[in-house]
Amino acid sequence: MFFAQYYLDCLSQASYMIADETTGKAVVVDPRRDVAEYLADAEARGFTVVGVINTHFHADFVAGHLEMAAETGAWIGYGRRAETEYPIRELADGETISLGDVTLEIMETPGHTPESISVLVHEHGEDAVPYGVLTGDALFIGDVGRPDLLASIGVSADELGAMLYDSVQNKLMGLPDEVRVFPAHGAGSACGKNLSTEKQSTIGEQRRTNYACAPMSQEDFVAIVTAGQSAAPGYFVHDAILNRSGRPLFDPAAAPRPLSFEDFTGLRASGAVVVDARDPQEFAAGHLRGSVNVPADGRFAEQAGTVLPVDADLLVVAPQNREEEIVTRLARIGFDRVAGYLRSPDDALTALADEVTPAGRLTAAQVRAALAGDNPPVVIDVRNCGERGDNGFIDGALHIALGELPHRLDEIPRDRPLVLHCAGGHRSSIAASLLRHHGFTDVSDVLGGYAAWALTEAPATV
């Protein structure tokens, strides 16, 4: 058996290839949209990809099932409850897929979504104990999939929570302890709240250490797994719909082009949104007025999908020679309307000097002094709920998590100075730039975030 995990740090997303080395038949599970790596590995090993399985309709990225099928002729498989605009193979509970001696077995595990499945991997068809189980977003290492993401499109969190309880407590915890667990996401993903940095585990280990796998009633399970979830990024519904639809294929050869200063300026004047992927310090030193700062060195795709509109044309300012990388990372979440990019950001900012402005960044000490002054700023905490509970918060701060910010702008005063902070200064730069993009004028963020604040002398509220 050939078994490979492909892990994408930016989205904390895992995909898999399983093959029988004797027959050369392979299946890819939960592929991302840029599929070149899977194709290259299959070609190098002489594999034929016969099938592509999505464990569910992903919300946090656009899956690469259509691209894989177009390149290989493979069938596309989903759980039997899935409804799509393209032909699929409906996979029923208990169904087996033979690749030769290597065999896959479908286990319906709804709860994160109604159509969710897990895939049991048998190295030999006759093995009594599976080699492993690909759990999708039903079971993570240290957590389970959140059941609230579909609440806005017709399925309640309580309904999905009841499904997830049965899937986790009865089906997955009914597997032998030694079965390896291979989830679709790891730490940092917004699909859960307590995901581990580990990339694999075992059923036995999860039974011992995962809070949601301990024996409990359905009522207690639903309460504990839905409590304290962060706001879902704004693009999640967009991507869940794209994954059902017959959307355009991603073509890396048709990448957006570099733009002249004149073309870039014209598109910007026509309403295109400038996403500046440089480091927050570089951005603060000088950026095009109205740009939204989403740093490349971080969770770029998820954070871009959180603050950028899904229906806007985008213009990219990226660190030198990373323009195509940024375009690909946007495409992974279905943001295909990239009109172009600036090839040399430093030269562009010099040429467009009249449109360049700095961003205010304050030290924790400066914020304390301002709060004690005659016109104290409104402090806005853009961390998630759990971060405040675990680490404390600034007394009197308005709490609006980054994921909620685009929908709560009307709660923020426009006649007061604003100071934003996160944990370390990364997300606050994004948030502050978003407010400036929407016309807020006196906006700063805190260098070093809450960590810097907590190191100063005055006590915080805990």
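Below is a summary of the structure that appears in this document. (Residues numbered from 1 in each chain as written. Predicted model: local features only at pLDDT ≥ 70, side-chain atom pairs only at ≥ 80, totals over all residues. Heavy atoms only, no water.)

## Comments concerning unusual backbone geometry
Inference 1: In this model, serine 12 sits at a positive phi of 50°, which is unusual for a non-glycine residue.
Inference 2: Tracing the sequence through the fold places serine 12 in the loop between strand S1 (2–8) and strand S2 (13–19).
Inference 3: Taking the relative accessible area as the measure of exposure, serine 12 reaches 2% and is therefore buried.
Inference 4: Non-glycine residue aspartate 30 carries a positive phi angle of around 55°.
Inference 5: The exposure class assigned to aspartate 30 is buried, which follows from its relative accessible area of 2%. (Helix = DSSP H or I, 4+ residues; strand = E, 2+ residues; numbered from the N terminus. Buried < 20%, exposed > 50% of the residue type's maximum accessible area, 1.4 Å probe, protein only.)

## Thoughts on the sheet that holds strand S17 (residues 338–342)
Inference 1: Spatial strand order, S15-S13-S16-S17: 4 strands in an open sheet with parallel pairing. Edge strands, defined here as strands with exactly one partner in the open sheet, are strand S15 (292–293) and S17.
Inference 2: In the sheet, strand S13 (residues 273–276) pairs with strand S16 (residues 314–317) via 4 bridges, with the strands oriented parallel. In the strand pairing of S16, aspartate 276 is matched with valine 317. (Pairing = 2+ DSSP bridges.)

## Topic: the packing of helix H9 (residues 300–307) against helix H10 (residues 323–331)
Inference 1: Between H9 and H10, the least distance of the axes is 9 Å, while the angle of their chain directions is 65°. Relative to H10, H9 is oriented so that their crossing is right-handed. Where H9 approaches H10, its residues Phe300, Ala301 and Ala304 are matched on the opposing element by Ile326, Arg329 and Leu330.
Inference 2: Residue classes in the contact of H9 with H10 are distributed as 5 nonpolar, no polar and 1 charged. (Axes fitted to C-alpha atoms, helices over the stretch in contact; angles between N-to-C directions. Left-handed = near helix turned anticlockwise from the far one by under 90°. Contact = heavy atoms within 4.5 Å. Nonpolar A, V, L, I, M, F, W, Y, C, P; charged D, E, K, R; others polar.)

## Regarding the pattern of salt bridges
Inference 1: Applying the stated criterion across every chain, the model contains 26 salt bridges.
Inference 2: Aspartate 34 is the partner of arginine 332 in a salt bridge, and the nearest nitrogen-oxygen pair spans 2.8 Å. Taken together, the residues arginine 332 in the loop between H10 and S17 and aspartate 34 in the loop between strand S3 (25–29) and helix H1 (36–45) connect sequence positions 298 residues apart. Judged on exposure class, the residue arginine 332 and its partner aspartate 34 are both buried.
Inference 3: In this structure, arginine 80 engages glutamate 108 in a salt bridge whose closest nitrogen and oxygen atoms are separated by 2.5 Å. Note that arginine 80 is positioned in the loop between strand S5 (75–79) and strand S6 (89–91) and glutamate 108 in strand S8 (residues 103–108), a separation of 28 residues in sequence.
Inference 4: Given a relative accessible area of 44%, arginine 80 falls into the partly exposed group. (Salt bridge = Lys/Arg side-chain N within 4 Å of Asp/Glu carboxyl O.)

## A word on the sheet that holds strand S9 (residues 117–122)
As a general point, the strands of a sheet are linked pairwise by backbone hydrogen bonds and lie either parallel or antiparallel.
Inference 1: Overall, mixed pairing links the 6 strands, which are arranged S7-S8-S9-S10-S11-S12 in an open sheet. Each end of this open sheet is capped by a strand with a single partner; those strands are strand S7 (96–98) and strand S12 (201–202).
Inference 2: Alignment of strand S11 (residues 180–183) against S12, held across 2 bridges, turns out to be antiparallel. Opposite valine 181, over in S12, you have serine 201 as the bridge partner.

## Topic: the environment of alanine 284
Inference 1: Note on placement: alanine 284 falls in helix H8 (residues 280–285).
Inference 2: Residue class for alanine 284 comes out buried when judged on its relative accessible area of 10%.
Inference 3: C-alpha separation for the pair alanine 284 and arginine 361, spaced 77 residues apart in sequence, amounts to 7.3 Å.
Inference 4: If sequence neighbours within four positions are ignored, alanine 284 has contacts with Pro358, Ala359 and Arg361.

## What to know about the packing of aromatic side chains
Inference 1: Scanning the model with the defined rule gives 11 aromatic pairs in all.
Inference 2: Aromatic side chains tyrosine 6 and tyrosine 38 sit 5.0 Å apart centroid to centroid with 75° between the ring planes, which places their arrangement in the edge-to-face category. Taken together, the residues tyrosine 6 in strand S1 and tyrosine 38 in helix H1 connect sequence positions 32 residues apart.
Inference 3: Taking relative accessible area as the criterion, tyrosine 38 reaches 0% and is therefore assigned buried.
Inference 4: Joined through ring pairs, the aromatic side chains of Phe3, Tyr16, Tyr131 and Phe182 make up one cluster.
Inference 5: Sitting over the ring of tryptophan 75, arginine 89 keeps its end group 4.5 Å from the ring centre.
Inference 6: Between lysine 199 and the ring centre of tyrosine 7, over which it is positioned, the NZ or CZ distance is 4.5 Å. (Phe/Tyr/Trp six-rings, centres within 6.5 Å; stacked < 30°, edge-to-face > 60°. Lys NZ or Arg CZ within 6 Å of the ring centre and 35° of its normal.)

In short, the description is geometric, and any link to function would need to be established separately.
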